[in-house]
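Listed below, chain by chain, are the residues.
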Amino acid sequence: MKLKILFKIIYLLIEGKIKFKTPKNFDLVIYDIKSLNDMNFFFKQYNYFVMETRLDIIKKLYISPKIIFYLFKNYTGSLSNAYILSLLEIIKPKVVLTRVDNSIKFSEIAKVCEKKYVFIAIQSAARIDYAWNNVFYKTKKIDINFNEKIYLPHFFCFGEYEIKQFKDLNIKVQNFYPTGDLQFSEYLEYKKKNIHNIIKKKDICFITDYIVDRYHHAYIGTNKKVIEELNSHTNEININKKKGILKLLKYVIYFAQQNKINLAIPLKRDKKLHPKLSSDEKKFFENNLNKVELEYFNKCVVEKDRQNYSSLETLMSSNLAIGWTSTLLRNKIGAGGKALACNFIDQKLYNFPINGICSLQDCNYDEFEKRVNNLLSMSEKDFQLKIDKKPSYIMKFDEVMPISEILKRKLHDFGVSTNLEK
């Protein structure tokens, strides 16, 4: 690992990306460049410093006598932690904010200096990875409970469900703010500015999934033997996971063909930004669908366009959303729409947090067809009456006071002002 860091530093030096200077002060530090993914509006209100933390995509590395001094002062075995702590001491932010809410390193830094700076994490995905961490630890697949490493002083989460989930898993959070999905708020802002972009209404938006090499997105450490075992194609859990994903996909395709409905299938990977991942996604379907299924599938595909929020646009332009565990299902229900979460995998941790007409366990095709027909003909108002919890339980949504406004006010309370306020 240290050799890898050395090679990266040499590469950055050759490319002229090492900055021989000390960064100036900022009230706001954005932790991890990926925190800015799909953020086209909210953070433009602020001046901020991006704390780059990923060795594989880092673009700037700061070096100066002052930074070197602080590196020696903060070094306790981890060079990357010492570098981050050193920059924070120099920048002196009031708030350190991340949308990579499951980052163990962010939690490590927060534990060390939460008395100096305010640490805010914003939820960006359904945290099934924490449930898997718990399973793997309790079944002794891994010898470290990585959930114990998570520590969030301030956590802006999707809804009340996360409060229950995190407490059940003994994940340490000092302050919960069930406020919804910031990315969805960004999408609504995009819609205001692009009202001419109207997608034809679809009957069903199917939120698909795929598997290439990784079956689990839980952090399971760096032991290669453990990683290979838990991601093995012959592992029974993984076999069932792949079968369940494909079973649901084939049900949806057959239903759409037989009923001649308008089906839209937004892909997950943007081929312009991630050509390799996009290619892997398409190969999964090419390798697992028959000729007739694949031809129909390709007719329904909506290519990923992150800049124009293609997945959310397709979702909100559809009568019904069907999927497995995607956050998009929560977005749909939270915004007052209809969704069906189908767990066709023999794992209870994939069960949807809400019961009722919105949730379906492994079943035969006739049961699936009956449920989907019922949902398609049902009003959104009736749908709300047939689920056992309020939509805000899984996804808070308030057009009058969206998460973007709540976060803006909270940042102001912590001393971070927008450019207009200065």
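In this numbering scheme, every chain counts its residues from 1 along its sequence in written order. This being a predicted model, a pLDDT of at least 70 is required before a residue's local features are given, and a value of 80 or more before pairs of side-chain atoms are given or counted; all residues contribute to the totals for chains, interfaces and linings. Computation of side-chain values covers all heavy atoms of the structure but excludes hydrogens and water.

1. Remarks on the overall build of the protein
Next up, step 1: Assigned secondary structure in the protein consists of 16 helices and 14 strands.
Next up, step 2: Over its C-alpha atoms the protein spans a radius of gyration of 23 Å, differing by no more than 12% from the 22 Å that the globule rule assigns to 422 residues.
Next up, step 3: Its C-alpha atoms put the protein at 70 × 50 × 40 Å along the principal axes.
Next up, step 4: With a 1.4 Å probe rolled over the protein chains alone, any residue whose accessible area is under 20% of its type maximum counts as buried; one over 50% counts as exposed, and the rest are partly exposed. Within the span of the protein, comprising 422 residues, buried residues form 50% of the whole.
Next up, step 5: Within the protein, counting contacts between residues at least 6 apart in sequence, those at least 24 apart form 68% of the total.
Next up, step 6: Surface summary for the protein: the accessible area is close to 21400 Å², and the carbon and sulfur share equals 53%.
Next up, step 7: Charge convention: Lys and Arg are scored as positive, Asp and Glu as negative, and His as well as the terminal groups of each chain are ignored. Charge positions are represented by NZ for Lys, CZ for Arg, CG for Asp and CD for Glu. The average position of the 70 basic charges and that of the 47 acidic charges among the side chains of the protein differ by 4 Å. Helix and strand definitions follow DSSP, with helices as H or I runs of at least four residues and strands as E runs of at least two, each counted in order from the N terminus. For the radius of gyration, the atom set is restricted to C-alpha positions; the globular benchmark scales as 2.2 Å times the number of residues to the power 0.38. Contacts were defined at the residue level, with two residues in contact if any of their heavy atoms lie within 4.5 Å. Accessible areas in this description were obtained via Shrake-Rupley with a 1.4 Å probe; residue shielding takes into account the shown protein chains only.

2. Some points on the sheet that holds strand β11 (residues 301-302)
Next up, step 1: Pairing is parallel in the open sheet, where six strands are placed in the order β11-β10-β9-β12-β13-β14. Edge positions in the sheet fall to β11 and β14 (359-361), since each of these pairs with one other strand and no more.
Next up, step 2: Relative to β14, strand β13 (residues 338-343) runs parallel, the two sharing three bridges. Within β14, the residue paired with C342 across the bridge is L360. Should DSSP find at least two bridges between two strands, the strands are regarded as paired.

3. Brief notes about the packing of aromatic side chains
Next up, step 1: For Phe, Tyr and Trp, rings pair up if their centres lie within 6.5 Å, where Trp contributes its six-membered ring, and each pair is then called stacked (planes under 30 degrees apart), edge-to-face (over 60) or tilted (otherwise). Within this structure, the stated rule accounts for 30 aromatic pairs.
Next up, step 2: Ring centres 5.3 Å apart and planes at 50° place the aromatic pair Y190 and Y309 in the tilted group. With Y190 in helix α7 (residues 182-193) and Y309 in the loop between β11 and α12 (310-316), this residue pair connects regions lying 119 residues apart in the sequence.
Next up, step 3: These aromatic residues form a ring-pair network of at least three members: F184, Y187, Y190, Y309 and F397.
Next up, step 4: Here, over-ring charges are defined by two tests on the NZ atom of lysine or the CZ atom of arginine: distance to the ring centre within 6 Å, and angle to the ring normal within 35 degrees. In this structure, R127 is placed above the aromatic ring of Y130, and the distance from its NZ or CZ to the ring centre is 6.0 Å.
Next up, step 5: K389 extends its terminal NZ or CZ atom over the ring of Y393, reaching a point 5.2 Å from the ring centre.

4. Regarding the sheet that holds strand β8 (residues 172-178)
Next up, step 1: Taken in spatial order, the six strands of this open sheet run β3-β2-β5-β6-β7-β8, and their pairing is parallel. Edge positions in the sheet fall to β3 (49-51) and β8, since each of these pairs with one other strand and no more. Neighbour-to-neighbour, the strand axes of this sheet turn through a mean angle of 25°, independent of strand direction.
Next up, step 2: For helices, the fitted line uses only the C-alpha atoms of the stretch in contact; every axis is such a line through C-alpha atoms, and the angle between N-to-C directions lies from 0 to 180 degrees. With respect to the sheet, helix α16 (residues 403-413) is in contact with β2 (28-31), β5 (95-98), β6 (118-122), β7 (151-157) and β8, its orientation differing from that of β7 by roughly 140°.

5. Here's the deal with the pairing of β6
Next up, step 1: In terms of burial, β6 is largely enclosed, as five of its five residues are buried.
Next up, step 2: Residue alternation in β6 divides its side chains into two sets, V118, I120 and I122 and F119 and A121, and both sets are buried.
Next up, step 3: Judged from the four bridges that link them, β5 and β6 form a sheet pairing that is parallel. Among the inter-strand pairings, V95 is bridged to a residue of β6, identified as V118.
Next up, step 4: A clockwise path from the first strand over the helix to the second, with the strands pointing away from the viewer, defines a right-handed crossover. Handedness of the crossover is the feature at issue here: the chain leaves β5, passes through helix α4 (residues 104-113), returns alongside β6, and the resulting connection is right-handed.
Next up, step 5: Relative to β7, β6 runs parallel, the two being bridged by three bridges.

6. So, the nonpolar core
Across soluble globular proteins, you tend to see nonpolar side chains buried next to one another.
Next up, step 1: Within the largest apolar cluster, 110 residues are counted, with the highest numbers of intra-cluster contacts made by I322 and F368.
Next up, step 2: The residues touching F368, leaving out its near neighbours within four places in the chain, are L248, Y251, V252, F255, I322, L340, C342, F344, L360 and C363.
Next up, step 3: Here the nonpolar core consists of buried residues drawn from Ala, Val, Leu, Ile, Met, Phe, Trp, Tyr and Cys, with membership extended through side-chain atoms lying within 4.5 Å. Formed by 19 residues, the second largest nonpolar core is a distinct cluster that contains L28, M39, I120 and L411.

7. With respect to helix α3 (residues 79-91)
Next up, step 1: The span expected for a helix works out to 1.5 Å for each residue beyond the first. Its 13 residues give α3 an end-to-end C-alpha distance of 18 Å, which sits within 8% of 18 Å, the value for a rise of 1.5 Å per residue.
Next up, step 2: Judged by how many residues are buried, α3 sits mostly within the fold: 11 of 13 residues are covered.
Next up, step 3: N81, A82, Y83, I84, L85, S86, L87, L88, E89, I90 and I91 are the residues of α3 that are buried.
Next up, step 4: Remark: K92 follows α3 within two positions and exhibits a positive phi of approximately 55°.

8. Considerations on the packing of α3 against α4
Next up, step 1: Relative orientation of the contacting elements α3 and α4 amounts to 50°, with a least axis distance of 11 Å. The angle between α3 and α4 places the two elements in the oblique class. Read as a crossing pair, α3 and α4 show a hand that is right-handed. Residues S80, N81, I84, L85 and L88 of α3 lie in contact with α4, whose contacting residues are K105, E108, I109, V112 and C113.
Next up, step 2: Partitioning the contact of α3 with α4 into residue classes produces six nonpolar, two polar and two charged. Orientation labels follow simple angle bins: below 35 degrees gives roughly parallel, above 145 gives roughly antiparallel, 65 to 115 gives roughly perpendicular, and whatever is left gives oblique. When the near helix sits turned anticlockwise from the far one by under a right angle, the crossing is termed left-handed; a clockwise turn instead gives a right-handed crossing. Amino acids outside the nonpolar list (Ala, Val, Leu, Ile, Met, Phe, Trp, Tyr, Cys, Pro) and the charged list (Asp, Glu, Lys, Arg) are all regarded as polar, and Gly is one of them.

9. Details of α16
Next up, step 1: For α16, the complete set of buried residues consists of I403, S404, L407 and L411. For α16, the angular spread of buried residues about the axis comes to 95°, placing them on one side.
Next up, step 2: Check the buried side of α16 and you find it contacts β2, β5, β6, β7 and α7. The arc in question is the one spanned by the directions pointing from the helix axis to the C-beta atoms.

10. Description of the side chain of E162
Next up, step 1: Along the chain, E162 falls in helix α6 (residues 160-168).
Next up, step 2: For E162, the residues in contact, after removing those within four places along its chain, are Q123, C157, F176 and R330.

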